[in-house]
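Remarks on the overall topology
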Amino acid sequence: MNSSVTVIDHPLIQHKLTLMRRTSASSSTFRSLLKEISHLMAYEITRDLPIEHTQIETPLTKMQAPMLAGKKLCLVSILRAGNGLLEGILELIPSARVGHIGLYRDPETLEAVEYYYKMPSDLDQRLVITVDPMLATANSSIAAITRLKEGGARNIRFLCLLAAPEGIEAFHAAHPEVPVYTAAIDDHLNEHKYIVPGLGDAGDRIYGTR
Ligand code: PRP
Ligand code: URA
């Protein structure tokens, strides 16, 4: 089975993404826009969540009312930049469990190096939404999802802001059953494997570290 890629091309997301790409956007503006976009993307990535009906009482009457069904879902942030997407999604789904996986891209080899891993229990029974703004070579997202599968996760989705065509191809090859959601697929990777036109280093832009 080949994984699907959904480009969430809502005009509000596209507009806000353009504001984020600009070199002139400050870290604070960048973070705010990322949070706003994460709200909008969360809406799309959760649109098919299962619903069950439960009896409640309104001030007027009893009714069978819809609520999310099943075990609480798990959001997984790929540190550091994933936290920029996580925050907004957690605001919409405050009861979600949260896992963190710390990975950085070795600047020489471009391989993902893991430095932290902490997940909630029962990953095998939860929908696991993994978030990282950037899918460039896909080394980081592939490594994160491999690790989640080793930890028992079976039902995984990957949400990013920007993806490169090369990364999507590599991701498909490694994890064909994992759906990818992104706000845009950019043109290519440069010689340093940065996404072009892209927005630069997402972690640095979120946290002002460069
Ligand atoms: C960035 C980004 C992804 C990764 C994408 O993280 O947040 O995790 O690069 O690149 P890839 O698809 O080629 O692996 P980075 O390694 O800069 O770490 P940071 O989030 O701590 O800044
Ligand atoms: N990581 C980033 O933060 N940006 C890129 O363009 C590629 C990898």
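This structure is a prediction, so every number in the text was calculated from the model and none was measured.

Cut-offs and rules
Residues numbered from 1 in each chain as written. Chains lettered and ligands numbered in written order. Predicted model: local features only at pLDDT ≥ 70, side-chain atom pairs only at ≥ 80, totals over all residues. Heavy atoms only, no water. Core = buried A, V, L, I, M, F, W, Y, C linked by side-chain atoms within 4.5 Å. Buried < 20%, exposed > 50% of the residue type's maximum accessible area, 1.4 Å probe, protein only. Helix = DSSP H or I, 4+ residues; strand = E, 2+ residues; numbered from the N terminus. Salt bridge = Lys/Arg side-chain N within 4 Å of Asp/Glu carboxyl O. Patch = residues over 30% accessible without salt bridge, like charges linked within 9 Å, V, L, I, M, F, W, Y side chains within 5 Å. Areas by Shrake-Rupley, 256 points an atom, 1.4 Å probe, with all protein chains shown as cover. Near = heavy atom within 4 Å. Polar contact = N/O pair within 3.5 Å; in protein donor to acceptor, adjacent residues only side chain to side chain. 1 Å grid on protein atoms, 1.4 Å probe; cavity = no way out; pocket = protein on both sides within 12 Å on 5 of 7 lines; lining within 4 Å. Sits in = over half its atoms within 2 Å of the grid points. Nonpolar A, V, L, I, M, F, W, Y, C, P; charged D, E, K, R; others polar.

Next up on the list: the nonpolar core. Counting residues in each nonpolar core, the largest one holds 37 residues, and the members touching the most others are Leu17, Leu73, Leu161 and Leu199. Of all the secondary-structure elements, those providing two or more residues to this core are helix H1 (11-21), helix H2 (27-45), helix H3 (82-92), strand E7 (127-131) and helix H6 (202-207). Looking at this core, the element that brings in the most residues is H2, giving seven residues. Of all hydrophobic cores here, the second largest spans 23 residues; its members include Ile78, Leu103, Ala144 and Ile156.

Under the criterion given, the structure shown has eleven salt bridges. The partner of Lys35 in a salt bridge is Glu91, and the shortest N-O contact between them spans 2.8 Å. Of the two residues, Lys35 is situated in helix H2 and Glu91 in helix H3; the sequence distance between them amounts to 56 residues. Residue class for Glu91 comes out partly exposed when judged on its relative accessible area of 44%. The salt bridge partner of Lys149 is Glu177, with a shortest N-O separation of 2.6 Å. Of this pair, Lys149 sits in helix H4 (residues 139-150) while Glu177 is found in the loop between helix H5 (165-174) and strand E11 (180-182), placing the two residues 28 residues apart along the sequence. Taking the relative accessible area as the measure of exposure, Glu177 reaches 34% and is therefore partly exposed.

Moving on, we get to a nonpolar patch on the surface. A cluster of nonpolar side chains, Tyr104, Tyr115 and Tyr116, forms an exposed patch at the surface whose accessible area comes to about 330 Å². Mapped onto the fold, Tyr116 is located in strand E6 (residues 112-118). The class of Tyr116 is partly exposed, set by a relative accessible area of 39%.

Here we come to the site of ligand 2. Lining the immediate environment of ligand 2, one finds Arg105, Met134, Ala136, Lys193, Tyr194, Ile195, Gly200, Asp201 and Ala202. Residue Gly200 places a main-chain N or O atom 2.8 Å away from a nitrogen atom belonging to ligand 2. Contact with the protein chains covers 89% of the free accessible surface of ligand 2, which is 240 Å². When atom positions are compared with the pocket grids, ligand 2 is found to occupy the largest pocket. Partitioned by chemical class, the residues of the shell around ligand 2 number five nonpolar, one polar and three charged.

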